[in-house]
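Structure at a glance
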Amino acid sequence: RKGERIKMKLVDTVDFTKKNPGHNFYSCSDKSKIEKINGKKYRKTLSLKEMRQLGLQIRDWFGCTLNMKNPQKDHIIEVVYADLDDTIVGINILEPVSQKGKDSKVALTRVATGIISGGVYKATNRLKKFKTVYIPTGNSPWCAITFINLYKNPIGIAKVNLYEVP
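What comes next concerns the included structure. Because the structure is predicted, anything quoted here is derived from the model rather than measured.

A look at the pattern of salt bridges
Inspection of every chain in the model, using the stated rule, returns four salt bridges. Between Glu 78 and Lys 131 there is a salt bridge; the shortest N-O distance is 3.8 Å. On the criterion of sequence distance, the pair formed by Glu 78 in strand β6 (residues 75-82) and Lys 131 in strand β9 (residues 127-134) is long-range, its members being 53 residues apart. For the salt bridge of Asp 83 with Lys 128, the shortest nitrogen-to-oxygen distance reads 3.7 Å.

Set out below in structure tokens:
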């Protein structure tokens, strides 16, 4: 109905401002840093130039797993990101191909989306929120989320919240 808000239940959260955010945190460069923007913390990737200086011809990224209570229900993923100048954040939500056997360690992208900040849109240099829908296709109790720097400047992510939609 018009004006009615969706009721969401928080089922998992990951704080990337912690040295070890848990949730099977992984990082491409293993050199992401905690930074501040207007007094608020976020985790920053390396820039494309910094990756090249390390001899890596890829873009920096990090990610983690999120735990679901009811994988049969629809979910909303909320990303708290740093609105920095001239950045493009690639966001991938993945789930396992299978719960058993060799494919249990293989994940497929189910949602690919992103955030563009700065450039023609003036960056606010504040933390902002981005939400996307995630509808699990299997019965896995977890999914993974990755954040990749798709442009030359570093990206910043502070937190991820996973909500269940009743």
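The rest of the description comes next.
Examining the pairing of strand β11 (residues 156-164)
The element β11 is largely enclosed, with a buried count of eight among its nine residues. Of the pairings in the sheet, the one linking strand β4 (residues 40-44) to β11 comprises two bridges and is antiparallel in character. Opposite Lys 44, over in β11, you have Gly 156 as the bridge partner. Strand direction decides the pairing type here: β6 and β11, joined by seven bridges, are antiparallel. Bridging across to β11, Glu 78 finds its partner in Asn 161.

Some thoughts on the packing of aromatic side chains
One pass over the full model with this rule turns up six aromatic pairs. Judged by centre distance (5.9 Å) and plane angle (50°), the rings of Phe 62 and Phe 147 are tilted. Residue Phe 62 is found in strand β5 (residues 61-67), and its partner Phe 147 is found in strand β10 (residues 142-149); the two are separated by 85 residues along the sequence. Note on Phe 147: relative accessible area 0%, which makes it buried. Among the aromatic residues, those joined into a ring-pair cluster are Phe 16, Phe 25, Phe 62 and Phe 147.

As for unusual backbone geometry
Of note in this structure, Asn 24 is not a glycine but carries a positive phi near 55°. On the basis of relative accessibility, which here comes to 55%, the residue Asn 24 falls in the exposed class. Positioned with a positive phi, Asp 30 is a non-glycine residue whose angle comes to about 60°. By secondary structure assignment, the location of Asp 30 is in the loop between β2 (26-27) and β3 (33-37).

Notes on the nonpolar core
Leu 66, Ile 77, Ile 145 and Phe 147 are the most contacted members of the largest nonpolar core, which totals 24 residues. At the level of elements, β1 (9-15), β5, β6, β7 (87-96), β8 (107-117), β9, β10 and β11 are the ones that each hand at least two residues to this core. Once residues within four sequence positions are removed from consideration, Ile 77 is found in contact with Leu 66, Ile 93, Phe 130, Lys 131, Thr 132, Tyr 134, Ile 145, Val 160, Asn 161 and Leu 162. Counting residues in each nonpolar core, the second largest holds six residues, with Tyr 42, Val 80, Leu 84 and Ala 158 among its members.

The rules we used
- Residues numbered from 1 in each chain as written.
- Predicted model: local features only at pLDDT ≥ 70, side-chain atom pairs only at ≥ 80, totals over all residues.
- Heavy atoms only, no water.
- Salt bridge = Lys/Arg side-chain N within 4 Å of Asp/Glu carboxyl O.
- Helix = DSSP H or I, 4+ residues; strand = E, 2+ residues; numbered from the N terminus.
- Buried < 20%, exposed > 50% of the residue type's maximum accessible area, 1.4 Å probe, protein only.
- Pairing = 2+ DSSP bridges.
- Phe/Tyr/Trp six-rings, centres within 6.5 Å; stacked < 30°, edge-to-face > 60°.
- Core = buried A, V, L, I, M, F, W, Y, C linked by side-chain atoms within 4.5 Å.
- Contact = heavy atoms within 4.5 Å.

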